[in-house]
Amino acid sequence: GINAEYGEEREDAKNVNNWHWSEADATNTSKDFFKEKFLDMTATGADGSVRISEMTTCTGEASVNNRKGKVIYFFEWNIVLKWAGKTTMSNDNITGKIEIENISEENSADEVDITTRQTKNGAEHSKLHAMVKSQLVPRCRKAIEEYIEFLQVKHGKQVILPTNKGGGINGQPQIKKEAASVNTIKKKMDETVLSSNKTEKVDMKRTDINLTDSFKCRADDLFQCFVNPDKMRVYFNGAAEVDPRESGKFSLLGGAISGSFLDIDPPKSIQLHWRFKDWPTDMYSSVTLTFKDTGSSTELTLNQVGVPQCFVEQITSGWYKYYFNAIKARFSYGSGTL
């Protein structure tokens, strides 16, 4: 028979309808996967070549579970990689780091934080660092995307025990869909707005939001992240329609955010007419973005006037998660040197 509490297999290897809990530890095989994917990953160009030479840190765990015929995987990883290479103009061994944080079932590959650093300053170091950002970082994201499929193929069938009909439910293991399909930015942003019916009942007193953040890039590079349609589509995962000129319209996240450009003064400031889709039709806030080059980084100041008080927490969180942190993750503006 089977112990219903602990989900042990029966002597005849049957787990009727895969009703009982079974689990496979995927920690060690995950570490082997990351080593195989990351080590010796190379990038070449006119300025030289660089490769990932070492995985200095790989902390976390992973498991794959079956409950009632459904395969659910849990994982959380933080990884630090060392890169090394030489330029065509120097025989010096140039090194740096790639830090990959928050690899988990809650984040799609596009939402994982990847930052890069170069060990020393200098023109030759910066050349290789640029190659790391442009070539190795996208390949690291691809490897993370492949990791989810790896868990399914390597461990998914292990936790679907044989049933009295053979195989899993309907003869196939039921795999949880990739995080990106359920954890999209649009879905998250939709959760932060109220329905039209609720809005009418909410106290719409208005207030201001003031935020400051720092980015490891030049002011013009950061400025372009807020007016360049191609760059905006990168960190909004394609969900950005932008006409970057005075009085030009923008629509983000399937219309969850919309408005117009009031003033564009590159690379110093941008003024926007900005609203959530479920605000009353005539309600807009005014957003001013100011960019200050400090020499070692760019300081971004945001002032948003006319925000309904009931939305302050959600909007503040949204600016960091869907704008600031997304820009840092996708363009590696979170750390390192210019």
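What counts, and at which threshold
- Each chain has its residues counted from 1, running along the sequence as written.
- Only residues with pLDDT of at least 70 are given local features in this predicted model, and only at 80 or more are side-chain atom pairs given and counted; all residues enter the totals for whole chains, interfaces and linings.
- Based on all heavy atoms of the structure, the side-chain values leave hydrogens and waters out of the count.
- Strands here mean DSSP runs of E at least two residues long; helices mean DSSP runs of H or I at least four residues long; both are numbered from the N terminus.
- The cut-offs for exposure are 20% and 50% of the maximum accessible area for each residue type, with area from a 1.4 Å probe on protein chains only; residues under the lower value are buried, those over the upper are exposed, and the others partly exposed.
- Every residue pair with non-hydrogen atoms within 4.5 Å of one another is taken to be in contact.
- Residue-level accessible areas treat just the shown protein chains as cover; the underlying method is Shrake-Rupley with a 1.4 Å probe.
- Strands are labelled as partners when DSSP assigns at least two bridges between them.
- Axis definition: a line fit to C-alpha positions, over the contact stretch in the case of helices; interaxial angles, taken between N-to-C directions, run 0 to 180 degrees.
- Working rule for helices: expected span equals 1.5 Å times residues minus one.
- Here the arc refers to the directions that run from the helix axis out to each C-beta atom.
- When two cysteine sulfur atoms lie within 2.5 Å, the pair is treated as a disulfide.
- Only one rule defines a salt bridge in this text: a Lys or Arg side-chain nitrogen within 4 Å of an Asp or Glu carboxyl oxygen.
- Under the rule applied, a polar contact is a pair of N or O atoms within 3.5 Å (in protein, one hydrogen donor and one hydrogen acceptor; residues adjacent in sequence only if both atoms are side-chain atoms).
- Residues enter a patch when their relative accessible area is above 30% and they make no salt bridge; the linking distance is 9 Å between like charges and 5 Å between nonpolar side chains (Val, Leu, Ile, Met, Phe, Trp, Tyr).
- Asp and Glu are treated as the negative residues and Lys and Arg as the positive ones, with His and the ends of the chain left uncounted.
- By convention, the point assigned to a charge is CZ for Arg, NZ for Lys, CD for Glu and CG for Asp.
- Take the buried residues of types Ala, Val, Leu, Ile, Met, Phe, Trp, Tyr and Cys, join any two whose side-chain atoms come within 4.5 Å, and each joined set is a nonpolar core.
- Stacked, tilted and edge-to-face are the three classes applied to pairs of Phe, Tyr and Trp rings, where Trp contributes its six-membered ring and a pair requires centres within 6.5 Å; stacked means planes under 30 degrees apart, edge-to-face means over 60, and tilted covers the rest.
- Charge-over-ring contacts are defined here by two conditions on Lys NZ or Arg CZ: a distance within 6 Å of the ring centre and an angle within 35 degrees of the ring normal.

Some details on the overall build of the protein
- Along the protein, the regular secondary structure elements total 8 helices and 14 strands.
- Across the 338 residues that make up the protein, the buried fraction comes to 44%.
- Restricting to contacts in the protein with at least 6 residues of sequence separation, those with at least 24 account for 61%.
- Split by element, the accessible area of the protein, about 16900 Å² in all, is 45% carbon and sulfur.

Focus: the sheet that holds strand S14 (residues 298–308)
- Read from one edge of the open sheet, 7 strands run S8-S14-S13-S12-S11-S10-S9, paired in antiparallel fashion. Each of the sheet's edge strands pairs with one partner strand only, and the pair in question is strand S8 (206–215) and strand S9 (240–242). With strand direction ignored, the average angle separating the axes of adjacent strands in the sheet is 20°.
- The sheet contact formed by strand S10 (residues 249–252) and strand S11 (residues 257–265) spans 4 bridges and is antiparallel. Pairing of lysine 249 across the sheet is with serine 260, part of S11.

Some remarks on helix H1 (residues 27–38)
- In this model H1 runs 17 Å from its N-terminal to its C-terminal C-alpha over 12 residues, within 8% of the 16 Å that 1.5 Å per residue would give.
- Buried within H1 are the following residues: Thr27, Ser30, Phe33, Phe34 and Phe38. With its buried residues spanning 115° around the axis, H1 presents them on a single face. Those residues of H1 that are exposed and angled more than 90 degrees off the buried face are Asn28 and Glu36.

Some thoughts on the state of the cysteines
- Throughout the structure, instances matching the rule amount to 0 disulfides.
- The thiol sulfur of cysteine 225 is not disulfide-bonded, and the nearest other cysteine sulfur, from cysteine 217, lies at 6.5 Å.

Focus on unusual backbone geometry
- The linkage connecting proline 266 with the following residue, proline 267, adopts the cis geometry, with an omega of -10°.
- Along the polypeptide, proline 267 turns up in the loop between S11 and strand S12 (269–276).
- Even without being a glycine, asparagine 102 presents a positive backbone phi close to 65°.
- By the element assignment, asparagine 102 lies in strand S5 (residues 94–104).

Remarks on the pattern of salt bridges
- Per the counting criterion, the structure on display carries 8 salt bridges.
- Salt-bridge contacts for glutamate 99 lead to arginine 117; the nearest nitrogen and oxygen are separated by 3.1 Å. Here arginine 117 lies in strand S6 (residues 113–118) and glutamate 99 lies in strand S5, a separation of 18 residues in the sequence.
- Exposure remark for glutamate 99: the relative accessible area of 18% places this residue in the buried category.
- Of the charged contacts, one joins arginine 245 and aspartate 243 as a salt bridge, the two residues approaching to 2.9 Å between their closest N and O atoms.
- The class for aspartate 243 is partly exposed, based on a relative accessible area of 27%.

Observations concerning the side chain of lysine 328
- Here lysine 328 is to be found in helix H8 (residues 312–331).
- A polar contact of 3.3 Å, which involves the side chain of lysine 328, links it to the backbone oxygen of serine 214.
- Other than its neighbours up to four places away in sequence, lysine 328 contacts Ile114, Asp213, Ser214, Phe215, Tyr333 and Gly334.

Brief notes about a negative patch on the surface
- On the surface, Glu23, Asp25, Glu61, Glu76 and Glu106 cluster together into a negatively charged patch.
- Here aspartate 25 lies in strand S1 (residues 22–25).
- The exposed category is assigned to aspartate 25, whose relative accessible area is 58%.

Re the nonpolar core
- One finds Phe226, Tyr235, Leu252, Trp274 and Tyr323 to be the most contacted residues of the largest nonpolar core, which totals 43 residues.
- Element by element, the count of residues in this core is highest for H8, at 7 residues.
- Aside from chain neighbours lying at most four places away, what touches phenylalanine 226 is Met232, Tyr235, Phe261, Ile270, Leu289, Phe291, Leu300, Tyr323, Phe324 and Ile327.
- Core analysis: the second largest hydrophobic core is formed by 38 residues, Phe33, Met41, Val71 and Ile144 among them.

Focus: the packing of aromatic side chains
- Within the structure shown, the criterion is met by 23 aromatic pairs.
- For the ring pair phenylalanine 226 and phenylalanine 291, a centre distance of 5.8 Å and an interplane angle of 65° mean the geometry is edge-to-face. Here the residue phenylalanine 226 occupies a position in the loop between helix H6 (219–224) and helix H7 (229–235), and phenylalanine 291 occupies one in strand S13 (residues 285–293), the gap between them amounting to 65 residues.
- The exposure class assigned to phenylalanine 226 is buried, which follows from its relative accessible area of 5%.
- Judged by centre distance (6.2 Å) and plane angle (35°), the rings of tryptophan 319 and phenylalanine 324 are tilted.
- The positively charged end of lysine 231 is found above the aromatic ring belonging to phenylalanine 331, 4.7 Å away from the centroid.
- Looking at arginine 275, its charged tip hangs above the ring of tyrosine 284, at a distance of 5.4 Å from the centre.

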